[in-house]
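Topology and contacts: notes
Listed here are the chains, written in short residue letters.
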Amino acid sequence: MKLQTSRAVEYKLLALDLDGTLIGESPEISPRSAQAVQAAVKLGVKVTLATGRMYPAAKPYADQLGIVTPLICYQGAQIRDPVSGEVLSETGIDREIALEVLHYAQENGYHVNAFAGDEVYMAELTPEGSFYLDRAKVEPHIVGDLTEWLDRDVLKLVIVTDEPTTLKIIAELSERFGERLYVTRSYPIFAETINPDVSKGKALKYLAEQLEIPIENVMAIGDDLNDIDMVAAAGLGVAMRNSAPEVIGNAQFVTGTVEEDGVASAIERFILDGRA
């Protein structure tokens, strides 16, 4: 891991993961981290949230922090303007592939959240589904058999189980689908599936190009498997101290945990120092 220390680099775009990075078990952003993000915005730095969350679950945080740069949602499957609501980019999972995933989940008795538009759909309200809803603060559509409900492409499917099973699911689905599906983890118990042509890293590169910001002037902070290519793509990739080892291996700097205000520490060091 190579530490980036040059103050000659001015970071003009900052991408922040939400769960495990800006927020921990509590849904609240700490005052210090919120202040650091807001200070960066005030300096003219473009700040985006890069999250696996659906747009309605990410926008309240953008509003709180004063973020007006397009948000990267659904693991990069959607890029959306938080001011106008305009969708700048969107790529879903083909219906037939999504149907295969749903059959796999049914065969194994796994709970699935299906995302289409700004809505989340579930076969039934299970404890796993309730856990997701409590974190996302959104209302579900309970539709019964998801394989019968599915009549469209979806933005993503999330299987909610437990941590060991999540890793097992990722391995099984990755082997089964290969390059037809991108399978990752955004939270210890969330196995997420999206179109293989999208990811946080690809979305970040696209957004940087749209904003005409060189990738070397981009800083990204994350913690889990879905953040690996985003951290690797950025000019300065930052991993939280309790990140998955693969994230740390692709980062240039390791900051503190959520509880240690790791996001604030990194922003203060690489963006605000000498500028605020």
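Going by the structure above, here's the rest.
It should be emphasised that the depicted structure is a prediction, and the values quoted were computed from it without experimental measurement. (Residues numbered from 1 in each chain as written. Predicted model: local features only at pLDDT ≥ 70, side-chain atom pairs only at ≥ 80, totals over all residues. Heavy atoms only, no water.)

1. Examining the pattern of salt bridges
With the rule as written, the count across this model stands at 14 salt bridges. Measuring nitrogen to oxygen at the nearest pair gives 2.8 Å for the salt bridge that ties Asp 19 to Arg 53. Here Arg 53 lies in the loop between strand E2 (46–49) and helix H2 (55–65) and Asp 19 lies in the loop between strand E1 (13–16) and helix H1 (31–42), a separation of 34 residues in the sequence. Neither residue differs from the other here; Asp 19 and Arg 53 are each classed as buried. Here Arg 80 makes a salt bridge to Asp 118, at a shortest N to O gap of 2.8 Å. Pair noted here: Arg 80 is in strand E4 (residues 78–80) and Asp 118 is in the loop between strand E6 (111–116) and strand E7 (119–122), with a separation of 38 residues, a long-range link. (Salt bridge = Lys/Arg side-chain N within 4 Å of Asp/Glu carboxyl O. Helix = DSSP H or I, 4+ residues; strand = E, 2+ residues; numbered from the N terminus. Buried < 20%, exposed > 50% of the residue type's maximum accessible area, 1.4 Å probe, protein only.)

2. Considering unusual backbone geometry
A positive phi angle is found at Gln 75, which is not glycine, with a value near 65°. One can find Gln 75 in the loop between strand E3 (71–73) and E4. Residue Asp 261 is not a glycine yet carries a positive backbone phi of 55°. Here Asp 261 lies in the loop between strand E14 (253–255) and helix H10 (262–272).

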